[in-house]
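One-letter residues, chain by chain:
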Amino acid sequence: MFKILQLTDLHFGNLYPESIQINEATKALITRLVQTNQPDFIAITGDVIYSKATNSLSTFEGILSFINSFNIPFAATFGNHDSESDFSRDIINDILLSQSNFAEPQSLFHDNDRLCYYIELVVDSHTHRLYFIDSGDYDKLQVGEYDYITHAQIEWLVETDKTFSGTSQLFIHIPIPEYETAKSLGLAEGHQDEEICCPKLNTGLFSQLLLNDLSVKAIYCGHDHDNDFTAEYCGIKLNYGRVTGFNTYGSLKRGGRMIEIDGSGFNSSIVE
């Protein structure tokens, strides 16, 4: 069995007078989750920091060093709050890729400053891929508030996956519109206590997974702190992580999602 700990919406940053103490509580929680659950891999799905807070680039470097210090392979994608300041996503991408325990990325693809890649692993003779796609930040067209997966990113995924015969899972930050559809159909199981803040433009990621019979069987996101549900829709499991950081809104108890891979199968559950 191979265990992946998904952490999401860490929100480190000295945004409030009490943030220093709150940030330490988040680090203590992450340490406990790692020590208790003994994951083989850590997947971070965005909003690592509040980039508008003071000294946020130093905060980001410190948190990546903290995650790196567990000596567990990890990977990450970024959220809407990670590069709102005076540094670009290219800068934090470089910091991420420089970490000694960052898992070896395959098929690195940059769509402008959005990083896409996959990690490949073998569990009980079955090959798995973990895809990481940067879902952006804010909708430049202002059709809605939040960004969307671009056509270039979707084309990269289709081209990269079309000859793969194993099982894959996809990690993003902003939920795609099909989360909203699945919830409206009554398929969601778990906390669904917040509006789904997905993009208003649907650029077709989910439909391309189905039409091209891609290997992706599950998607994991963050972004909405009062949702942690799972919904199986058209044979694909749509999952929220559990908000991890204390330095942000949300009434759910802080934690993560543990994904367990066993041969060709997998399942996941919330850990606190």
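The name given to the protein in an unreviewed UniProt entry is Calcineurin-like phosphoesterase domain-containing protein, with Macrococcus caseolyticus as the source organism.

Draft legend 1. Layout of the overall build of the protein. Across its full length, the protein carries six helices and 12 strands. Scaling as 2.2 N^0.38, a compact globule of 272 residues should have a C-alpha radius of gyration of about 19 Å, and the protein matches this with 17 Å. Overall, the protein is about 50 × 45 × 35 Å in size when its C-alpha atoms are taken along their principal axes. In the protein, buried positions account for 58% of the 272 residues. One finds the centroid of the 17 positive side-chain charges in the protein at a distance of 4 Å from the centroid of its 38 negative side-chain charges.

Draft legend 2. Looking closely at the pattern of salt bridges. Enumeration over the complete set of coordinates arrives at nine salt bridges. Ionic pairing is found between Arg89 and Asp134, a salt bridge with its closest N-O pair at 2.7 Å. Here Asp134 lies in the loop between β6 (126-133) and α4 (151-161) and Arg89 lies in helix α3 (residues 89-97), a separation of 45 residues in the sequence. Of the two residues, Arg89 and Asp134, neither departs from the other in class, the shared state being buried. In this structure, Asp228 engages Arg242 in a salt bridge whose closest nitrogen and oxygen atoms are separated by 2.8 Å. Taken together, the positions of Asp228 in the loop between β8 (216-221) and β9 (230-233) and Arg242 in the loop between β10 (236-240) and β11 (256-262) put the pair 14 residues apart, joining distant regions of the chain.

Draft legend 3. Highlighting the layout of surface pockets. Size it by volume and the largest pocket reaches roughly 150 Å³. Ser83, Ser88, Arg89, Asp111, Asn112, Asp113, Arg114, Gly136, Asp137, Lys140, Asp147 and Thr150 are the residues that line the largest pocket. Residues belonging to the lining of the largest pocket are distributed by class as follows: no nonpolar, five polar and seven charged.

Draft legend 4. The nonpolar core, seen in detail. Grouped together as the largest cluster of nonpolar side chains are 48 residues, with contacts concentrated most on Leu7, Ile30, Phe41, Val48, Ile67 and Phe132. What Leu7 contacts, discounting residues up to four positions off in sequence, is Ile30, Leu33, Ile42, Ala43, Ile44, Thr45, Ile67 and Thr244. Residues Cys116, Trp156, Ile176 and Ile219 belong to the second largest nonpolar core, which totals 30 residues.

Draft legend 5. The arrangement of the UniProt feature "domain: Calcineurin-like phosphoesterase" (unreviewed entry) in the protein in detail. Mapped onto this numbering, the UniProt entry gives "domain: Calcineurin-like phosphoesterase" (unreviewed entry) at residues 2-226. Taken end to end, residues 2-226 is 29% helix and 22% strand, and its two terminal C-alpha atoms sit 28 Å from one another.

Draft legend 6. Local environment of the packing of aromatic side chains. Inspection of the entire model under this criterion finds 15 aromatic pairs. Measuring from ring centre to ring centre gives 5.0 Å for Phe229 and Tyr240, while their planes differ by 75°; the resulting arrangement is edge-to-face. Pair noted here: Phe229 is in the loop between β8 and β9 and Tyr240 is in strand β10, with a separation of 11 residues, a long-range link. Note on accessibility: Phe229 and Tyr240 belong to one class, buried. Cation over ring: Lys27 sits above Phe66, and NZ or CZ is 5.0 Å from the ring centre. The ring centre of Tyr118 lies 4.0 Å from the NZ or CZ of Arg129, which sits over that ring.

Draft legend 7. Structural view of unusual backbone geometry. Phi is positive for Asp124, close to 50°, though the residue is something other than glycine. Along the polypeptide, Asp124 turns up in the loop between β5 (114-123) and β6. The phi torsion at His223 lies on the positive side, around 85°, for a residue other than glycine. Structurally, His223 is set in the loop between β8 and β9.

Draft legend 8. Structural detail: empty space enclosed by the protein. In this structure the tally under the stated criterion is two cavities of 30 Å³ or more. Volume-wise, the largest cavity comes out at about 90 Å³. For the largest cavity, the lining is made up of 16 residues, of which Ile149, Ile176, Pro177, Pro199 and Thr203 are closest to its centre. Split by residue class, the lining of the largest cavity holds 10 nonpolar, four polar and two charged. For the second largest cavity, the calculated volume is near 40 Å³. Together, Ala76, Thr77, Phe78, Asn93, Leu96, Leu115, Tyr117 and Asp134 line the second largest cavity. Contributions of two or more residues to the lining of the second largest cavity are made by β3 (74-77), α3 and β5. Broken down by class, the residue content of the lining of the second largest cavity amounts to five nonpolar, two polar and one charged.

How each quantity is defined
- Residues numbered from 1 in each chain as written.
- Predicted model: local features only at pLDDT ≥ 70, side-chain atom pairs only at ≥ 80, totals over all residues.
- Heavy atoms only, no water.
- Helix = DSSP H or I, 4+ residues; strand = E, 2+ residues; numbered from the N terminus.
- Rg over C-alpha atoms; globule rule 2.2 N^0.38 Å.
- Buried < 20%, exposed > 50% of the residue type's maximum accessible area, 1.4 Å probe, protein only.
- Lys, Arg positive; Asp, Glu negative; His and termini not counted.
- Charge placed at Lys NZ, Arg CZ, Asp CG, Glu CD.
- Salt bridge = Lys/Arg side-chain N within 4 Å of Asp/Glu carboxyl O.
- 1 Å grid on protein atoms, 1.4 Å probe; cavity = no way out; pocket = protein on both sides within 12 Å on 5 of 7 lines; lining within 4 Å.
- Points joined across faces, edges and corners; volume = space filled by probe spheres on them.
- Nonpolar A, V, L, I, M, F, W, Y, C, P; charged D, E, K, R; others polar.
- Core = buried A, V, L, I, M, F, W, Y, C linked by side-chain atoms within 4.5 Å.
- Contact = heavy atoms within 4.5 Å.
- UniProt positions renumbered as here; feature names shortened; annotations may be inferred.
- Phe/Tyr/Trp six-rings, centres within 6.5 Å; stacked < 30°, edge-to-face > 60°.
- Lys NZ or Arg CZ within 6 Å of the ring centre and 35° of its normal.

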